[in-house]
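# Analysis of the macromolecular model
The residues making up each chain are set out below.
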Amino acid sequence: MNGFGGFLLRRAAGTLITLLAVSVLVYVVFYATPGNVAQITCGPRCSPEQVHQVAAQLRLDDPLYLRYFHFLQGLFVGQDYSTGTSVEHCAAPCLGLSYQSDQQVLTLLLAKLPVSLSLVAGAMVLWLVIGVGTGVLSAWRRGRLSERVLTVLTLAGWATPVFVLGLVLMIVVCGELQLLPFPQYVRFGDDPEQWAWNLLLPWLSLALIEAAAFARLTRSAMLETLAEDHIRTFRAYGVGERAIVGRHALRGALAPVIALNANNVGSAIGGAVLTETLFGLPGIGQELVHAVKVVDLPVVVGMVLVVAFFVVIANAVADVLYALADRRVVLA
Amino acid sequence: MSLVEVTDLTVEFGALHAVDGLSFTLEKGAALALVGESGSGKSTVAGALLGLHRDTGARVGGSVLVAGTDVTAASDAELRGLRGAKAAMVFQDPLSSLDPYYAVGDQIAEVYRVHTRASRRAARARAVEVLDRVGIPDAARRARSRPHEFSGGMRQRALIAMALACEPELLIADEPTTALDVTVQAQILDLLHTLRQENGLGLLLVTHDVGVAAESADDVLVMRHGRAVEHGPLRRVLAAPEQPYTRELLASVPRVDAPRTAPAEEAGETVLEAVGLRREFGRGRRAFTAVDDVSLTLRRGETLGIVGESGSGKTTLGRMLVGLLEPTSGTIRYDGRAHSGVDPSVQMVFQDPASSLNPRRTVGESIADPLRAKGGQDDRAVRERVTGLLERVGLEAAHHDRYPHEFSGGQRQRIGIARALAADPRVIVCDEPVSALDVTTQAQVVALLDELRRELGLALVFVAHDLAVVRQVSDRVAVMRRGQVVETGPVDEVYENPRDPYTRQLLAAVPALDPEVAARRRAARREPAPA
């Protein structure tokens, strides 16, 4: 197990370095852009005095690397923003201030994050169950009618835009059949049952489309494994097809599924804009689009960093799962 | 009733008749070897005994009775009841034949539970028991290891343990030792022999290696193009083959105990010299010395054989000699000059002719590469030279514009040799040049190399794991183990009077073509081997 501990340590170090590199990149891309950064950050309705104050708070006179270190310092120990008359403390992890909405970026973020996490967590469970299940089934029933039907459904799912599927679901389930009320975000802490009922349609419409990719990936990975020599061994020893597909072939197909899932989870946290907009979910995706539209730089930088954080963490978790699924990874 | 009764078996894959009207029987406790070259249909027969061609699109005709089960007519459930329980199969490549994700013991336990409905605990205990039976040391602990943590020989033992788990009456072994080193091969063959004696197992052994058959079987069935060529008691077939093909096959098998047939040349001046060659891979704690202080000389007109088991460093040494790998330390001299990097005068022929030729280019273009690299020749001259080379290695001018996949394995190796000759080399390093080829083809390629050596005054380095082939082609031989040369000298001297204990151990492990000798050697191997 010593080898596995070492592997975890190496992986954690790699994750940390990646996160730092991402933060440098994001910071430089947004703050080293040409133009009056203070004016852009403050917003179009700012008076010259306010712009001046923002420039001071952003320390625009300092060289870029010092500003970046200052930003990092804010992340780890917090920092104070002087507004001339009072001092506003931004506790760690401080992502900066949004001058346009007059709020700390972190506060904004914390209001949106639970929505996005709720959406993605539920959808992930669904897309894994539906996608991997469909993939296993179509690998098992390969060449038969049921597989062909599944393939057509999968392709249809893949080709459907999320807003079409979401709209159709809403019209049918909420409008025609009146099985559910039109979705409205309810916080988990307030009423878990209503939380789930209201998120059911967003989960379904996001998951069904992602599930199509998982179904295809699972199917092809399983067919590949099924062609390997060790599958032949177990057939030659009288092991039933169900155990061969479910135990041996699925195990071999897990690695690519884990990798794809990490990518999807990471990007859906900041990227499920369409689903969020369609169902009126005030998540990170929507907020990010809004911030980009009004050029609220601190919010954009903060959100992009947080989304990147989730992508990197999701991939690190995937690597560890990967190693648990296949111990040979640890040796490499 | 016989253990196996095969009557008029045919197996067709599309238009290919893989097996064509084959009949044989195998009595309880007896051993039959199916011997043939690649494409003879021998493995297809092995699969047919367990009904493995069902649902694969192959058409199977005739009747196959195994341990009382009519394989061609049985239901899927009856077939599963046969597989593993009454007849169990051992495959060629023990690494890919086990599931990489599960512990070895668990895989054996799974098979045991399919057939016995035993509890998990009882199945695990059984797995440990059979692993111990096949000689896995510390079986209770090693049962929890995954296949990649086992050596090649241990993996094959584990597969045999899986086969034994349900105490079958028939063991089908499809090239069980082909992927293994010769000393490990001897251990596995000895194990199969012991199991037959002690458990009364019937054995159907599929092999391309007549020596392996001679070690293990009572009867032999020689196959070619899906048909039986000759079938009879092993002793009789080996001593007095009746069919011309059997005679040709036996004549092609290189003998480790026969002196070299080709006339020895008067060796000329030294063309290649290596002094204190050493090569490491990896760094720090993972550093591994593949070749450790090897010195050798090669003279014009002679063949130096380098023989060793996998991991002995022979391929690394070969690559350093042609300059494909830089030595970590030591020097290589061509014609007395210190040298590094590749040089036209030292060429290489690779093991796998299929993957060492670019599949998207015609063979003529591949052979012309060294000529074009040298430059100074127009297209017509290059084409003429390539055509000459093709004819020189026994191919035809018309082959110039064909692609590698249109050729057989032996022809592809000839193309590889032609490409090596194109640069007018003085030395050719051949890395396992014939180990991917059937014995009859092997003999032809070996003869070609020998002819080229004599006519062109080439010096050859012949790297191989096959002791018999090395004896056939070499003037001098170097035996490698763990990166070092343990013994070197004139080939007959080393083979007749090996001084190093490891050389003796290697030679004792080579399967003998004579069953009597094989039995004597097997008894000798039971004595503790030198470390």
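What counts, and at which threshold
- Residues numbered from 1 in each chain as written.
- Chains lettered and ligands numbered in written order.
- Predicted model: local features only at pLDDT ≥ 70, side-chain atom pairs only at ≥ 80, totals over all residues.
- UniProt positions renumbered as here; feature names shortened; annotations may be inferred.
- Pairing = 2+ DSSP bridges.
- Helix = DSSP H or I, 4+ residues; strand = E, 2+ residues; numbered from the N terminus.
- Domains from an automatic or database assignment.
- Contact = placed C-beta atoms within 7 Å.
- Buried ≥ 20, exposed ≤ 12 C-beta atoms within 10 Å, placed from the backbone.

If you check an unreviewed UniProt entry, chain B appears there as ABC transporter ATP-binding protein from Streptomyces griseoluteus. The UniProt entry for chain B carries this comment under Sequence similarities (unreviewed entry): "Belongs to the ABC transporter superfamily."

Under an unreviewed UniProt entry, the name given to chain A is ABC transporter permease, and the organism recorded is Streptomyces griseoluteus. UniProt annotates chain A under Subcellular location (unreviewed entry) with the comment "Cell membrane". UniProt, in the comment section headed Sequence similarities (unreviewed entry), describes chain A in these words: "Belongs to the binding-protein-dependent transport system permease family."

## What about the sheet that holds strand β1 (residues 4-13) of chain B?
The strands making up a sheet are joined through hydrogen bonds of the backbone, oriented either antiparallel or parallel. Residue and element names in this part refer to chain B. If you walk across this open sheet you meet the 4 strands as β2-β1-β4-β5, and the pairing is antiparallel. This sheet does not close on itself; its edge strands, each paired only once, are β2 (16-26) and β5 (69-70). When β1 meets strand β4 (residues 59-66), the two strands line up antiparallel, connected through 7 bridges. From the neighbouring strand, E12 faces β4, where its bridge partner is R59.

## Here's the deal with the UniProt feature "domain: ABC transmembrane type-1" (unreviewed entry) in chain A
What UniProt calls "domain: ABC transmembrane type-1" (unreviewed entry) maps, in this numbering, to residues 113-322 of chain A. A distance of 27 Å separates the end C-alpha atoms of residues 113-322 of chain A, which is 83% helix and 0% strand.

## A few points about the domain arrangement of chain A
All names here are of chain A. The assigned domain composition of chain A is domain 1 (2-103) and domain 2 (107-327). A separation of 32 Å is found between the C-alpha centroids of domain 1 and domain 2. With 20 residues of domain 1 at the contact, the number on the domain 2 side is 21 residues. If one sorts the elements of the side of domain 1 that touches domain 2 by residue count, helix α1 (residues 2-31) sits on top with 11 residues.

## A look at the interface of chain A and chain B
Facing 16 residues of chain A, the contacting portion of chain B comprises 24 residues. Taken together, the elements giving at least two residues each to the side of chain A that touches chain B come down to α9 (229-236) and α10 (241-271) of chain A. Of all the elements, α9 of chain A adds the most residues to the side of chain A that touches chain B, at 5 residues.

## Remarks on the UniProt feature "domain: ABC transporter" (unreviewed entry) in chain B
All names here are of chain B. UniProt records the feature "domain: ABC transporter" (unreviewed entry) for residues 4-250 and 272-507 in the present numbering. With 39% helix and 26% strand, residues 4-250 has its two end C-alpha atoms placed 27 Å apart. For residues 272-507, the end-to-end C-alpha separation is 28 Å, with 36% helix and 28% strand making up the annotated structure.

## As for the environment of V491 of chain B
Residue and element names in this part refer to chain B. Position of V491 among the secondary structure elements: in helix α17 (residues 491-496). For V491, a count of 22 C-beta atoms within 10 Å translates into the label buried. C-alpha separation for the pair V491 and A354, spaced 137 residues apart in sequence, amounts to 31 Å. Sequence-distant contacts of V491, defined by excluding residues within four places in its chain, comprise R260, G305, R471, S474, D475, R476 and V477.

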